[in-house]
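Residue-level structural notes
Listed below, chain by chain, are the residues.
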Amino acid sequence: MLLLLLGCTTEEPVAAPPDVLIVILDTVRRDRISAYGHGRKTTPQLDAVSEVGLTFTRAIAPSPWTYPSHATLFSGLEPWEHGGGSGGVDKSGRLAAPAEGVPWLAEKMRSAGYATRLAYANGWLELGLDVGFEETFHGGDHEVLAWVESELIEPDDRPQLLVVNLLAAHAPYGAYPVPWLSDDVRAGQLPGWAAPLAMEHGAGINTNALVDGVRFDERVNTGQTHLDPEQIGLIGSLYDAGVTAADRGLNRVLTAWNAAGHGDGIVVITSDHGEFLGEEGLLDHSFSTRPPVIDVPLVVAWPGSIEAGRSDAPAGLAQVAPTLLRLTGIDPEAPGGLPGLGGAVEPQIAYSAETLDPSGIQHHYSQPMWRVRSRDRLLEQGGFGTRLYDAETDPGLTRDLAHVEPETVARLEALLPDAPPVEGRSIELDAQKRAQLQALGYMDGAP
Ligand SMILES: [Zn+2]
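Summary of the structure given here. (Residues numbered from 1 in each chain as written. Predicted model: local features only at pLDDT ≥ 70, side-chain atom pairs only at ≥ 80, totals over all residues.)

Glancing now at the overall build of the chain. Helices and strands together make up the secondary structure of the chain, namely 13 helices and 22 strands. Taking 22 Å as the expected radius of gyration for a compact globule of 447 residues, we find that the chain reaches 21 Å, a close match to that expectation. Dimensions along the principal axes, computed over C-alpha positions, put the chain at roughly 75 × 55 × 45 Å. By residue count, 49% of the 447 residues in the chain fall in the buried class. Residue pairs at least 24 apart in sequence account for 68% of intrachain contacts in the chain once pairs closer than 6 positions are excluded. (Helix = DSSP H or I, 4+ residues; strand = E, 2+ residues; numbered from the N terminus. Rg over C-alpha atoms; globule rule 2.2 N^0.38 Å. Buried ≥ 20, exposed ≤ 12 C-beta atoms within 10 Å, placed from the backbone. Contact = placed C-beta atoms within 7 Å.)

Structure, rendered in structure tokens:
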């Protein structure tokens, strides 16, 4: 099929390279998506694409926060290979941007004649991750969607790469109109415990809000506040509403994409990380590589060229860029693609630069942590030592098998990279940028 598309013989008509759409539903964890079995119908649009595409059921993000994960998705390099985000943001407001020489997907596609556009709601992306895009737009979800719709009306004969990042599922959790939220919650009437978390604008809750001078999520994550089932229920319901809002955004993007005549192109839908919703007594993301923050959706659809189905092979976001280079014919031999789309089925490694231990959660970014996922086992390694879990029968990761299966530990440890991590380029965040990221709940501890 690929050979035919590339027109490798003089007799065959040369088909145009396929258009490519990548939609990142920021902070959407896999198990809250109806296509992956969630009890609420949160994602009718993603479900529809999943029906016609290849749905990866065990995809993991390479990091539990936005910056390294997007750098990986956009480059095909793992976090320790591009260096972006390592060390978080230091006390003086400096961030490690990806190192020089990163092979950006957008840059390669642009060189191959693609029109390359990036529209994003998450402000981390403008800090050195927009390389190779000839047009970029940053705004809230509504502005991003309006921009995408207006851009797609403009005729352009070139093959298209469009990347869209939507933030609706990210905290603060807006009370979007969905059947499972009560009228009271949708009207902004919250139970007493949640009243201090009321959003300034609109209904919903902000788990980053200060309660008696300390952020609510920090109180939870350091064990000062224990969530009861009612609290976990409300937070989860609001989060699910955000997932649905993101899915409605996806619907708008796809509607505009198809209307512009790109419906026969390649569509990739994924997320950069998930979110803790009370599991292990935790909220938010970025300090652990446990399943709630690492397990992400991944669907690749290309009508007529990729067979619909589900793949339970371990898959990672670093495999997306080489897959697209192969499918577009830009680099038909690009190594490291997704299983079933040109890549080998290999265990995947996820990396977190933060600590797993909730008691040490204030020491953000202090303990590197590794995670290797094979088909049925998961190895975690960090300041706490080495742990091995049966990821299939023990999804909550409660029973450490490291001493029971030392040979599996050795096999998975051998997959950890032995080269030292690449150091990123240090860049300074200005005051406006820091304030913007602080509003998203990041930057705590930085001046
Ligand atoms: Zn994110």
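This paragraph deals with the sheet that holds strand E18 (residues 348–352). Strands sit in the order E18-E19-E20-E21 across an open sheet of 4 strands; the sheet is antiparallel. Of all the strands in the sheet, just E18 and strand E21 (385–390) have a single pairing partner and so form its edges. Shown here is a sheet whose adjacent strand axes are inclined to one another by a mean of 15°, direction ignored. The pairing of strand E20 (residues 377–382) with E21 spans 6 bridges and is classified as antiparallel. Its bridge partner lying in E21, glutamine 381 is registered against threonine 386. Strands strand E19 (369–373), E20 and E21 of the sheet are contacted by helix H12 (residues 406–413), whose axis makes an angle of about 70° with E20. (Pairing = 2+ DSSP bridges. Axes fitted to C-alpha atoms, helices over the stretch in contact; angles between N-to-C directions.)

Turning our attention to helix H6 (residues 141–153). The end-to-end C-alpha separation of H6 is 19 Å, in line with the 18 Å expected for 13 residues at 1.5 Å each. Among all positions in H6, only Asp141, Val144, Leu145, Val148 and Leu152 are buried. Buried positions in H6, seen along its axis, are confined to an arc of 95° and lie on one side of it. Of the residues in H6, the exposed ones pointing more than 90 degrees away from the buried face are His142, Ser150 and Ile153. Packing partners of the buried residues in H6 comprise strand E5 (115–120), strand E6 (135–138), strand E7 (160–166) and helix H9 (229–262). (Expected span 1.5 Å × (residues − 1). Arc of directions from axis to C-beta.)

Looking now at the sheet that holds E6. Ordered by their spatial adjacency, 8 strands build an open sheet running E6-E5-E7-E1-E12-E15-E2-E16, and the pairing between neighbours is mixed. Two strands in the sheet have a free side with no partner beyond their single neighbour: E6 and strand E16 (309–311). Neighbour to neighbour, the strand axes of the sheet diverge by 10° on average, direction disregarded. Bridge analysis of strand E1 (residues 20–25) against E7 gives 6 bridges, and the strand direction is parallel. Residue pairing for E7: isoleucine 22 is matched across the bridge by valine 163.

Bringing unusual backbone geometry into the picture now. Look at the link from alanine 171 to proline 172: it is a cis peptide, with omega at 0°. Position of proline 172 among the secondary structure elements: in the loop between E7 and strand E8 (173–174). Here the phi dihedral of leucine 397 falls at roughly 55°; this positive angle occurs in a residue that is not glycine. Position of leucine 397 relative to the elements: it lies in the loop between E21 and H12. The class for leucine 397 is partly exposed, based on 17 C-beta atoms found within 10 Å.

For the rest of this paragraph, the subject is the environment of serine 63. Checked against the element boundaries, serine 63 lands in the loop between strand E3 (59–60) and helix H3 (66–75). Residues serine 63 and aspartate 390, 327 residues apart in the sequence, show an inter-C-alpha distance of 21 Å. If sequence neighbours within four positions are ignored, serine 63 has contacts with Pro68, Ser69, Pro79, Gly85, His273, Tyr351 and Ser352.

Moving on, we come to the pairing of strand E15 (residues 298–301). Because side chains alternate across E15, one face comprises the buried residues Leu298 and Val300, and the other comprises Val299 and Ala301, equally buried. By the bridge criterion, 3 bridges tie strand E2 (residues 54–56) to E15 in an arrangement that is antiparallel. Considered in E15, the bridge of threonine 55 is made with valine 299. Sheet analysis places strand E12 (residues 266–270) next to E15, joined by 4 bridges and oriented antiparallel. In the strand pairing of E15, isoleucine 269 is matched with valine 299.

This part is about the pairing of E20. The pairing of E19 with E20 spans 4 bridges and is antiparallel. By the bridge assignment for E20, valine 372 is matched with leucine 379. In sequence, E19 turns back onto E20 through a hairpin of 3 residues.

Before going further, it helps to spend a moment on the packing of helix H2 (residues 44–52) against H9. Contact geometry for H2 and H9: axes closest at 7 Å, N-to-C directions at 55°. Between H2 and H9, the angle is such that the two are oblique. Each of Pro44, Gln45 and Leu46 in H2 lies in contact with H9, whose residues at this interface are Asp247, Leu250, Asn251 and Leu254. (Parallel < 35°, antiparallel > 145°, perpendicular 65-115°, else oblique.)

Okay, the nonpolar core next. Counting 120 residues, the largest nonpolar core has Val23, Leu25, Val164, Ala246, Val253 and Ile269 as the members making the most contacts within it. Sorting elements by how many residues they give to this core places H9 first, with 14 residues. Setting aside residues no more than four positions away along its own chain, leucine 25 makes contact with Leu166, Ala169, Ala246, Leu250, Ile269 and Ser271. (Core = buried A, V, L, I, M, F, W, Y, C linked by C-beta atoms within 7 Å.)

Attention now goes to the packing of H6 against H9. For the pair H6 and H9, the least separation of the axes is 9 Å and the interaxial angle reads 5°. As the angle between them shows, H6 and H9 are arranged roughly parallel. When H6 is examined against H9, the residues Asp141, Leu145, Val148, Glu149 and Leu152 are found in contact with a partner set consisting of Gly249, Arg252, Val253, Ala256, Trp257 and Ala260. Among the residues making up the contact of H6 with H9, the classes are represented as 7 nonpolar, 1 polar and 3 charged. (Nonpolar A, V, L, I, M, F, W, Y, C, P; charged D, E, K, R; others polar.)

What follows concerns the environment of histidine 170. If you trace the backbone, histidine 170 turns up in the loop between E7 and E8. The spacing of histidine 170 and leucine 440 is 270 residues in sequence and 8.0 Å in space, taken between C-alpha atoms. Not counting residues within four places of it along the chain, the set of residues in contact with histidine 170 comprises Asp26, Thr27 and Leu440.

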